[in-house]
Amino acid sequence: MCGFVGFVAAQDDGLHWEGVLKAMTQAILHRGPDAGGAWVDREAGVALGHRRLSIVDLSPTGAQPMHSRSERYVIVFNGEIYNFPELRRELEGLGYAFRGTSDTEIMLAAFEQWGVPDSLKRFVGMFAFALWDRAERTLTLARDRLGEKPLYYGWVGNTFLFGSEIKGLRAHPAWNARIDRGALALLLRHNYIPGPYSIYEGVHKLPPASYLTLSSGEPGRLPAPVPYWSLREVAEAGLREPFAGGDREATDALDALLRDAVKGQMMADVPLGAFLSGGIDSSLVVSLMQAQSAQPVKTFTMGFGEEGFNEAPHAKAVAQHLGTDHTELYVSPQQALDVIPRLPTLYDEPFSDASQIPTFLVAQLAKSRVTVSLSGDAGDELFCGYKRYEVGRRLWDKLGLLPSPLRLTAARTLKAAPVGLLNATLGWAAPALGRYGRSGAVGDKLHKLAEVLDVPTQEAMYQRLISHWKNPSAIVRGGKEPPTALTDPARWAQLPTLEQRMMYLDTISYLPDDILVKVDRAAMGVSLEGRVPLLDHRVVEFAWKLPQAMKQRDGRSKWLMRQVLYRYVPKELIERPKMGFGVPLGEWLNGPLREWAEDLLSERRLADEGYFDPAPIREKWAQHASGAYNWQGYLWTILMFQAWLQESPSLVPVKG
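All of the points below concern the structure found in this document. (Residues numbered from 1 in each chain as written. Predicted model: local features only at pLDDT ≥ 70, side-chain atom pairs only at ≥ 80, totals over all residues. Heavy atoms only, no water.)

Broken down by element type, the protein carries 28 helices and 17 strands. A burial count over the protein gives 59% of its 656 residues as buried. Across the protein, the fraction of contacts at a sequence separation of at least 24, relative to all contacts at a separation of at least 6, is 72%. When the accessible surface of the protein is split by element, carbon and sulfur atoms take 52% of a total near 24800 Å². (Helix = DSSP H or I, 4+ residues; strand = E, 2+ residues; numbered from the N terminus. Buried < 20%, exposed > 50% of the residue type's maximum accessible area, 1.4 Å probe, protein only. Contact = heavy atoms within 4.5 Å. Areas by Shrake-Rupley, 256 points an atom, 1.4 Å probe, with all protein chains shown as cover.)

This is the structure we're talking about:
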């Protein structure tokens, strides 16, 4: 795991390029504290910089930037190619000899033998890289299939900048990008900024499963990314040719696939462990690790004293059953609060999934004992685990029975009724609304229900369900939302059920741009490599071949994953309500964070900065502060942007 930066200059800028590269790589030092390297070809107009976190081949033969055997290619690379031993044996059979034992050297030989597109299809792993072709004078940027590793790029004047994190790009003297107000509107809707957008105009995220090739001497031209793998094709093909076996065959097949994926991701020349929450996904990953390890696997859990937020006892029980070397840390509210000032620089652009706080803390805990940690992320997207999938289907089934005018009237009525009045008069209805929303009184849930009563289509309902601010363009001055995977029907897979469409949309949006961003930045912020075995693309392809009844059955989500897990862990240690990985944010905003929030949300400040209409924000803040309604999700998004803006002194506030 590493980080890289670089640039292509369309004309001589008179800068000292080695010094520029040093500043850019220094900005991402946390991604690779073990070593650094740079390569400059001023005549060709290209510069590559790298920071190394040594995981496989700790010797200098694994250092980057690395040249291919023929000297044609130069690469900077972030990630791991898990099947590189097999590729190495194949290439040695073709006459290649290797200096060291790194996967980077195997990648370069693959490019020489098979070319970039065919090599990408052969790789099993997580990766982002920049490859300079000295013969063709072209730069190729590429990213792994599911988007585990980040890659930003864009033209700033006559300089093409690229790198693992935006802070590396910002260190270049040419940097002058402005805030993209459309992207800011997307942040308010999603809690994150969906790709290919970033918070800056003209700076893009390379889409997962794609590559682009830039020819030198073409200032301002952005080549279109080229896909080399398609989740849409995978999902549609899986339904055309579904898994034909029964329950036992499917359980055996998933067990074998996951064992292989976990085994490949346990490859490391440094200490390795796993995050363990005690839930289905992480327990399954740890079970398969321990089943293939001669030593107790190191596992890590974060505990909280607040009721409803603490999964540590469940994780400890699983760890004891499996015999792992378990470490748990109970975090005080103050320790969690102390993370908040670090978030703007840690996440590089505004990001407001509040589970970023415990994710950072558990990564910090793991780093105290290991350099690599596996996680159980992606089980929900692949095996229908989120409660909102069931909620969405049930809601639409009920909404379809009501005429549209009646739904509109009901929505207006519920929105107009104060939450306190609904709580007082309709408390008896709470059990019937138990599935709608994880928490909150009946009035809160009815207001959430009102937000989806007036939607015209299933996809529109789903977008409303996962939206925070429901009309961000009315809050962000000049912030018209650009199209995303959730709003562009051309990007939707043709899938028969609402649950399948929701899983697909989450896998191409929420997973790469929220979940994987959260894990990557939290882990790399403490120089820890995170790996996600469930995102082995062979597991993803198998999951889409499974009939829905193997994902949801008898009122249980992730049914097939459970069947595999029960082979390793007793059912009674696993079967409990899904808790999530959160913090008592609403309470904190009315307690120790109140003064901080009031300063960032002051009407004068919001007006002077010119990005938001202060009125609706101040209204929600007043309601939250009074206890009338819990607006923590809405307010946290605004606060994370405000805190990020405060830490970005190069940005001059401009009234919209």
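Now that the structure has been shown, we can carry on.
Taken in spatial order, the six strands of this open sheet run β2-β3-β1-β9-β8-β10, and their pairing is antiparallel. Each of the sheet's edge strands pairs with one partner strand only, and the pair in question is β2 (35-41) and β10 (204-205). Taken together, the seven bridges between strand β1 (residues 2-9) and strand β3 (residues 46-52) define a ladder with antiparallel strand orientation. Bridging from a neighbouring strand, C2 pairs with R52 of β3. Packed on one face of the sheet, helix α1 (residues 17-27) meets β1, β2, β3 and β9 (159-163) and runs near 145° to β1. (Pairing = 2+ DSSP bridges. Axes fitted to C-alpha atoms, helices over the stretch in contact; angles between N-to-C directions.)

What follows deals with helix α28 (residues 632-646). Here α28 is 15 residues long and its end C-alpha atoms lie 20 Å apart, about the 21 Å a rise of 1.5 Å per residue gives. Most of α28 sits out of view: twelve of its 15 residues are buried. Within the sequence span of α28, burial applies to Y634, L635, W636, T637, I638, L639, M640, F641, Q642, A643, W644 and L645. (Expected span 1.5 Å × (residues − 1).)

What follows is about the packing of helix α7 (residues 231-240) against helix α20 (residues 498-508). Interhelical geometry of α7 versus α20 gives an angle of 155° and a closest axis separation of 11 Å. Here α20 runs roughly antiparallel to α7, going by the angle between their axes. With respect to the hand of their crossing, α7 and α20 are arranged in right-handed fashion. In contact with L231, R232, A235 and L239 of α7, α20 contributes Q500, Y504, T507 and I508. (Parallel < 35°, antiparallel > 145°, perpendicular 65-115°, else oblique. Left-handed = near helix turned anticlockwise from the far one by under 90°.)

The next point concerns the packing of aromatic side chains. Using the criterion set out here, one finds 24 aromatic pairs in the structure. Their ring planes at 15° and their centres at 6.5 Å tell us that Y96 and F98 sit as a pair that is stacked. Judged by relative accessible area, Y96 falls into the buried class, the value being 10%. Their ring planes at 40° and their centres at 6.1 Å tell us that Y153 and F160 sit as a pair that is tilted. The class of Y153 is buried, set by a relative accessible area of 4%. Given a relative accessible area of 0%, F160 falls into the buried group. Here a set of aromatic residues connected by ring pairs shows up, and it is made of W175, Y200, Y611, F612, F641 and W644. One Lys or Arg, R388, reaches over the ring of Y510 and ends 4.9 Å from the middle of that ring. We note K620 situated over the ring of W631; from NZ or CZ to the ring centre the distance is 4.3 Å. (Phe/Tyr/Trp six-rings, centres within 6.5 Å; stacked < 30°, edge-to-face > 60°. Lys NZ or Arg CZ within 6 Å of the ring centre and 35° of its normal.)

We now examine the nonpolar core. With 192 residues, the main nonpolar core has F111, F129, I357, F612, W636 and F641 as its most contacted residues. In terms of residues, this core owes the most to one element, α28, which gives ten residues. Those residues in contact with I357, other than ones at most four positions away along the chain, are A336, V339, I340, L343, V583, W588 and W636. Residues V46, A128, L139 and L212 belong to the second largest nonpolar core, which totals 21 residues. (Core = buried A, V, L, I, M, F, W, Y, C linked by side-chain atoms within 4.5 Å.)

With that settled, consider the layout of surface pockets. Estimates place the volume of the second largest pocket at around 630 Å³. Lining the second largest pocket we find 32 residues, and of these P207, P208, R491, Y504 and I508 sit closest to its centre. Ranked by residue count, the leading element in the lining of the second largest pocket is α20, at three residues. Here the lining of the second largest pocket is composed, by residue class, of 19 nonpolar, seven polar and six charged. (1 Å grid on protein atoms, 1.4 Å probe; cavity = no way out; pocket = protein on both sides within 12 Å on 5 of 7 lines; lining within 4 Å. Points joined across faces, edges and corners; volume = space filled by probe spheres on them. Nonpolar A, V, L, I, M, F, W, Y, C, P; charged D, E, K, R; others polar.)

On to the sheet that holds strand β14 (residues 298-304). The parallel open sheet is built from five strands, whose spatial order is β15-β14-β13-β16-β17. The open sheet has two free edges, formed respectively by β15 (325-331) and β17 (529-531), since each of these has just one partner strand. Recorded for the sheet is a direction-independent mean angle of 30° between the axes of neighbouring strands. Across three bridges, strand β13 (residues 272-275) lies against β14 in parallel orientation. Each bridged residue has a counterpart across the sheet, and for A274 the counterpart in β14 is T299. Packing against the sheet, helix α9 (residues 280-291) makes contact with β13, β14 and β16 (372-374), and its axis sits at approximately 155° to β13.

So, on to α1. The set of residues buried in α1 consists of W17, V20, L21, M24 and T25. Viewed end-on, α1 has its buried residues packed into an arc of 125°, placing them on one side of the element. On its buried face, α1 is in contact with β1, β2, β3, β9 and α5 (166-170). (Arc of directions from axis to C-beta.)

Turning our eyes to something else, we now look at the side chain of R521. Note on placement: R521 falls in helix α21 (residues 510-524). If we skip the residues at most four places from it in the chain, R521 touches R31, P150, Y152, E165, L346 and Y347.

It is worth spelling out the pairing of β9 at this point. By the criterion of burial, β9 is predominantly enclosed, with five of the five residues buried. On β9, burial covers both faces: T159, L161 and G163 on one face and F160 and F162 on the other are all buried. Sheet topology places β1 next to β9; five bridges connect them, and they run antiparallel. Each residue of the ladder has a partner; that of F7, found in β9, is L161. Judged from the five bridges that link them, strand β8 (residues 152-156) and β9 form a sheet pairing that is antiparallel. In the strand pairing of β9, Y152 is matched with G163. Counted between consecutive antiparallel strands, the loop separating β8 from β9 contains two residues, among which G157 sits at a positive phi close to 65°.

Moving on to the pattern of salt bridges. A full pass over the atoms with the stated rule returns 39 salt bridges. R553 serves as the salt-bridge partner of D247, at 2.8 Å between the closest nitrogen and oxygen. Here D247, found in helix α8 (residues 247-265), pairs with R553, found in the loop between α22 (537-543) and α23 (559-565); they are 306 residues apart in sequence, far enough to count as distant. Of the residues examined, D247 reaches a relative accessible area of 33% and is grouped as partly exposed. (Salt bridge = Lys/Arg side-chain N within 4 Å of Asp/Glu carboxyl O.)

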